[in-house]
Amino acid sequence: MHPALDILALVAIVGFVAAIAGRFGWSEPLALVVVGVGLSFVPHFLEIRLTPDIVLIGLLPPLLYAAAIRTSLVDFRANRRAIALLSVGLVAFSTLAVGLVSWWVVPGAGIAAGLALGAVVAPPDAVAATTIARRVGMPRRIVAVLEGESLVNDGTALVALNTAIAAISASVTPLSVGWDIVRSAGGGVLVGLVAAFVLAKIRRMIVDSVLDTTLSFAAPYVAFLPAEEIHASGVLAVVVTGLVLGHKAPVLQSATSRIAENINWRTVQFVLENVVFLLIGLQLRRLVSSVGDTQLSWVRVVWVCAAVLVATILARIVWMFLVPGTMRLLHLPTWGWATSTVISWAGMRGVVTLAAAFLLPDSTPARALLALAAFVVVAGTLLIQGLTLPWLVRRLRLPAPDAAEDALQAAGLVTSAAQAGLAALDEVRDDDDPPEVIEALRHRATVRSNGVWEQLGRPQAELEPPSVAYRRLRVQMLSAERSSILEARDRGIYDDEVLRQSLQAIDLEESLLDRVEDAANTVAEHDLITSETRAGQCDHLRDAPKVMRATTPEGCEECLRDGTRWVHLRLCLTCGHVGCCDSSVGRHAEAHFHETQHPVMRSIEPGEAWRWCYVDDLLG
């Protein structure tokens with residue numbers, strides 16, 4: 001096939017298989033590997049040879065950068081000890097354990113070749129694990145640890161592999177190994193920081209979102225290539241650059257640039273990740289053919305591959321229970337056995353493992369068999385662990401991320417942000433500013449804050465809050481506006497650029513309205529209760545009771561008296577007064593606070609048990 005047709009076929013197959021896998025809840029990486037294996041035996045179809053340069057230079061830097069800019073630097077720091085134990089300690093342990101097993105079972109392989117295979121299969125690919133993790137609702141801390149591990153472990157494994165390759169053809173000393181590690185790790189971090197500093201300086205001067213996205217596409221190679229040139233870790237350089245730029249993005253980029261970068265990198269990441277797993281499956285026929293050219297029996301080949309696969313899986317399990325157990329004996333904080341079980345089983349391997357196998361020099365003993373064993377580890381872990389990880393997570397009943405809690409925290413955060421904005425407005429306004437402009441700005445901030453809280457209340461079928469009514473009516477207005485612009489376009493009386501900008505403005509506003517609806521649907525089936533670990537702390541919240549007898553349980557006291565309508569109900573935890581929320585016409589709950597200075601109220605909407613301190617503006 002023509003190369004252009006190969007690329008088109010890859011993208012088309014990836015899109016089709018990913019859509020089918022998503023429709024039926026299958027693991028996308030596993031489905032793509034299986035399809036790739038089947039296609040590898042179709043004669044003269046997608047005969048694409050996966051080389052180290054394609055993966056380590058063409059695919060790995062952008063994939064790492066795409067993951068790094070979306071990884072929280074705060075979470076990475078918070079979990080740095082766990083990440084280091086996995087990405088450095090576990091990689092070294094797996095390299096040694098699998099290396100010794102490979103030395104024992106692979107005919108003619110020396111200890112150096114065995115350790116080289118150990119380094120090849122040591123780093124897991126977190127793409128497969130986190131894809132499953134998010135679908136089954138794995139705790140976010142575990143997902144953060146797995147993502148952090150995947151960002152760093154490739155660099156550790158490649159350093160170990162280079163050392164083992166050097167030992168195959170020459171002798172190495174502990175001093176040379178130590179220097180290689182220091183140069184690789186230290187040089188990679190240093191180059192990454194320098195690249196991030198330079199790119200940040202350039203980014204501050206760019207206002208065009210297209211140019212900013214172009215710079216973003218170049219960023220991984222700005223870090224990777226100089227690091228590799230000085231024999232440092234290009235992987236670590238890319239990770240450091242991505243983490244720093246992602247953390248600094250809100251102050252370095254405009255809102256338009258951040259939105260464009262996020263959309264573009266999500267698309268790139270989706271295509272590359274899934275193409276990678278399809279390419280893994282496509283390599284099987286060539287690997288089997290290479291092993292068939294040797295004099296080994298297939299019984300021996302199966303035994304070797306199975307032994308390496310089992311050793312790879314067991315090494316992670318042993319490490320994940322050995323280290324926490326040791327830490328408990330030393331009275332150090334560590335994770336529980338359920339967390340250790342899940343992380344130990346989330347060790348699916350990916351494209352770096354297969355690409356690293358092709359880095360083995362031709363002089364490596366049993367090179368074809370080692371490459372096939374690496375493929376079996378990739379396919380086997382995806383099949384065995386990938387299919388059973390969802391069951392394990394459900395079996396252990398680990399606490400999944402709570403959409404209701406997320407929505408509640410978001411509402412508190414938006415309210416605090418709105419109050420900060422209003423405070424800034426009071427500081428920067430002057431006497432010459434039109435009063436109607438100031439009032440419009442205040443109204444917009446208040447409506448935005450109130451609208452988030454409205455999404456937490458009763459479903460639309462029972463009572464339509466103002467924000468839902470606003471969305472329903474505004475969507476119809478936007479549809480009419482779009483139709484008017486399209487009619488003007490068809491008449492040919494406006495410039496195309498003006499028409500496109502007008503349509504983009506409508507599309508952007510409609511997309512924001514869609515997000516509001518999605519958020520409301522997400523929390524519709526959940527109870528809204530603030531977790532103790534995330535609740536605000538103040539004397540008023542600590543002293544206030546959890547419950548209080550309502551003086552008018554049938555509704556807002558003032559609304560019942562005046563015959564007006566409320567949206568959501570709030571209960572004063574000092575006297576039991578029932579008032580209506582800020583989205584209501586009367587805003588009687590807040591008015592009650594200003595009148596009595598009773599500090600804490602509680603929502604008494606069905607399924608809600610959160611509290612709010614008016615004095616300290618804290619969610620409790």
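Residues numbered from 1 in each chain as written. Predicted model: local features only at pLDDT ≥ 70, side-chain atom pairs only at ≥ 80, totals over all residues. Heavy atoms only, no water.

1. Description of the packing of helix H9 (residues 174-204) against helix H11 (residues 234-252)
1) Next: At their nearest, the axes of H9 and H11 sit 7 Å apart, and the two run at 30° to each other. What the angle tells us is that H9 and H11 run roughly parallel. Regarding H9 and H11, the two cross each other, and that crossing is right-handed.
2) Next: Looking at the contact of H9 with H11 residue by residue, the class counts come to 15 nonpolar, 4 polar and 2 charged. (Axes fitted to C-alpha atoms, helices over the stretch in contact; angles between N-to-C directions. Helix = DSSP H or I, 4+ residues; strand = E, 2+ residues; numbered from the N terminus. Parallel < 35°, antiparallel > 145°, perpendicular 65-115°, else oblique. Left-handed = near helix turned anticlockwise from the far one by under 90°. Nonpolar A, V, L, I, M, F, W, Y, C, P; charged D, E, K, R; others polar.)

2. What about the pattern of salt bridges?
1) Next: The tally for this structure, following the rule as stated, stands at 10 salt bridges.
2) Next: With its nearest N and O atoms 3.5 Å apart, the salt bridge here joins Asp-490 to Arg-489.
3) Next: The exposure class assigned to Asp-490 is exposed, which follows from its relative accessible area of 60%.
4) Next: The class of Arg-489 is partly exposed, set by a relative accessible area of 43%.
5) Next: Salt bridges sharing common partners tie together Arg-203, Asp-212 and Glu-261. (Salt bridge = Lys/Arg side-chain N within 4 Å of Asp/Glu carboxyl O. Buried < 20%, exposed > 50% of the residue type's maximum accessible area, 1.4 Å probe, protein only.)

3. Structural notes on the packing of helix H3 (residues 52-69) against helix H10 (residues 209-229)
1) Next: The geometry of H3 relative to H10 is characterised by a closest axis approach of 9 Å and an angle of 115° between their N-to-C directions. One element, H3, and the other, H10, form an angle in the roughly perpendicular class. As H3 packs across H10, the resulting crossing turns out to be right-handed. Taking contact as the criterion, the partners of Leu-56, Ile-57, Gly-58, Pro-61, Pro-62 and Tyr-65 in H3 are, on H10, Ser-216, Ala-219, Pro-220, Tyr-221 and Phe-224.
2) Next: Residue composition of the contact of H3 with H10, grouped by class: 9 nonpolar, 2 polar and no charged. (Contact = heavy atoms within 4.5 Å.)

4. Here's the deal with unusual backbone geometry
1) Next: Even without glycine at this site, Ala-366 takes up a positive phi of about 55°.
2) Next: Looking at the secondary structure, you find Ala-366 in the loop between helix H16 (351-357) and helix H17 (367-396).

5. Quick word on a positive patch on the surface
1) Next: Where like charges cluster on the molecular surface, the positive patch consists of Arg-77, Arg-80, Lys-201, Arg-204 and Lys-248.
2) Next: Counting through the fold element by element, Arg-80 comes out in helix H5 (residues 80-105).
3) Next: Classification of Arg-80 by relative accessible area gives exposed; the value is 56%. (Patch = residues over 30% accessible without salt bridge, like charges linked within 9 Å, V, L, I, M, F, W, Y side chains within 5 Å. Areas by Shrake-Rupley, 256 points an atom, 1.4 Å probe, with all protein chains shown as cover. Lys, Arg positive; Asp, Glu negative; His and termini not counted. Charge placed at Lys NZ, Arg CZ, Asp CG, Glu CD.)

6. Describing the pairing of strand E1 (residues 569-572)
1) Next: Going residue by residue along E1, you find Leu-569 and Leu-571 tucked away on one face and Arg-570 and Cys-572 tucked away on the opposite face as well.
2) Next: Pairing of E1 with strand E2 (residues 578-580) involves 3 bridges; the strand directions are antiparallel. Paired with Arg-570 across the strands is Gly-579, a residue of E2.
3) Next: The antiparallel pairing of E1 with E2 creates a hairpin that spans 5 residues between the two strands, and Gly-576 there sits at a positive phi of about 85°.
4) Next: Across 3 bridges, E1 lies against strand E3 (residues 600-603) in antiparallel orientation. Bridged to Leu-571 within E3 is Arg-602. (Pairing = 2+ DSSP bridges.)

7. Points about the sheet that holds E3
1) Next: Across the sheet, which stays open at both edges, the 5 strands sit in the order E2-E1-E3-E4-E5 with antiparallel pairing between neighbours. The strands lining the two open edges of the sheet, one partner per strand, are E2 and strand E5 (618-619).
2) Next: Pairing between strand E4 (residues 611-613) and E5: 2 bridges, direction antiparallel. Bridge pairing in E5 links Trp-612 to Leu-619.

8. Brief notes about empty space enclosed by the protein
In this approach a probe as big as a water molecule rolls over the atoms, and the regions it shows empty are the leftover space.
1) Next: In the structure shown here, the tally under the stated rule is 2 cavities of 30 Å³ or more.
2) Next: Approximately 70 Å³ is the volume attributed to the largest cavity.
3) Next: Lining the largest cavity are Arg-570, Leu-571, Cys-572, His-577, Gly-579, Ala-589, His-592, Phe-593, His-598, Val-600, Met-601 and Tyr-614.
4) Next: Broken down by secondary-structure element, the contributors of at least two residues to the lining of the largest cavity are E1, helix H24 (588-596) and E3.
5) Next: Per-class residue counts for the lining of the largest cavity are 7 nonpolar, 4 polar and 1 charged. (1 Å grid on protein atoms, 1.4 Å probe; cavity = no way out; pocket = protein on both sides within 12 Å on 5 of 7 lines; lining within 4 Å. Points joined across faces, edges and corners; volume = space filled by probe spheres on them.)

9. Examining a nonpolar patch on the surface
1) Next: Taken together, the side chains of Leu-190, Val-194, Phe-197, Val-198, Ile-202 and Met-205 make up a nonpolar region of the molecular surface, amounting to roughly 600 Å² of accessible area.
2) Next: Overall, Met-205 belongs to the exposed group, its relative accessible area being 66%.

10. Examining the packing of aromatic side chains
1) Next: On inspection of all chains with the given rule, the structure shows 5 aromatic pairs.
2) Next: Ring geometry for Tyr-65 versus Trp-265: centroids 5.3 Å apart, planes at 55°, classification tilted. With Tyr-65 in helix H3 and Trp-265 in helix H12 (residues 255-282), this residue pair connects regions lying 200 residues apart in the sequence.
3) Next: Geometrically, the ring pair formed by Phe-93 and Trp-319 is tilted, given 5.4 Å between the ring centres and 35° between the ring planes. Of this pair, Phe-93 sits in helix H5 while Trp-319 sits in helix H14 (residues 298-329), and the two are 226 residues apart along the sequence.
4) Next: For the cation-ring pair, Arg-23 lies above Phe-24, with the distance from its terminal atom to the ring centre recorded as 5.7 Å. (Phe/Tyr/Trp six-rings, centres within 6.5 Å; stacked < 30°, edge-to-face > 60°. Lys NZ or Arg CZ within 6 Å of the ring centre and 35° of its normal.)

11. Details of the side chain of Asp-154
1) Next: Looking at the element boundaries, Asp-154 is found in helix H8 (residues 140-169).
2) Next: Among buried charged residues, Asp-154 stands out as having no salt bridge; its nearest opposite-charge side chain is Arg-349, 9.1 Å away.
3) Next: When sequence neighbours within four positions are dropped, the list of residues in contact with Asp-154 reads Leu-60, Leu-64, Pro-123, Val-235 and Val-352.

12. Brief notes about the confidence of the model for the protein chain
1) Next: Of the residues in the protein chain, 90% reach a pLDDT of 70 or more, and the chain-wide mean stands at 82.
2) Next: Between residues 516-527, whose pLDDT stays under 50, and residues either more than four places distant or in other chains, the model counts 14 contacts. (pLDDT = per-residue confidence, 0-100.)

13. Focus: the nonpolar core
1) Next: Counting 120 residues, the largest nonpolar core has Leu-117, Val-120, Met-138, Leu-161, Ile-280 and Val-342 as the members making the most contacts within it.
2) Next: Here the element with the most residues in this core is H17; it accounts for 14 residues.
3) Next: Of all hydrophobic cores here, the second largest spans 13 residues; its members include Leu-541, Leu-571, Val-578 and Cys-613. (Core = buried A, V, L, I, M, F, W, Y, C linked by side-chain atoms within 4.5 Å.)

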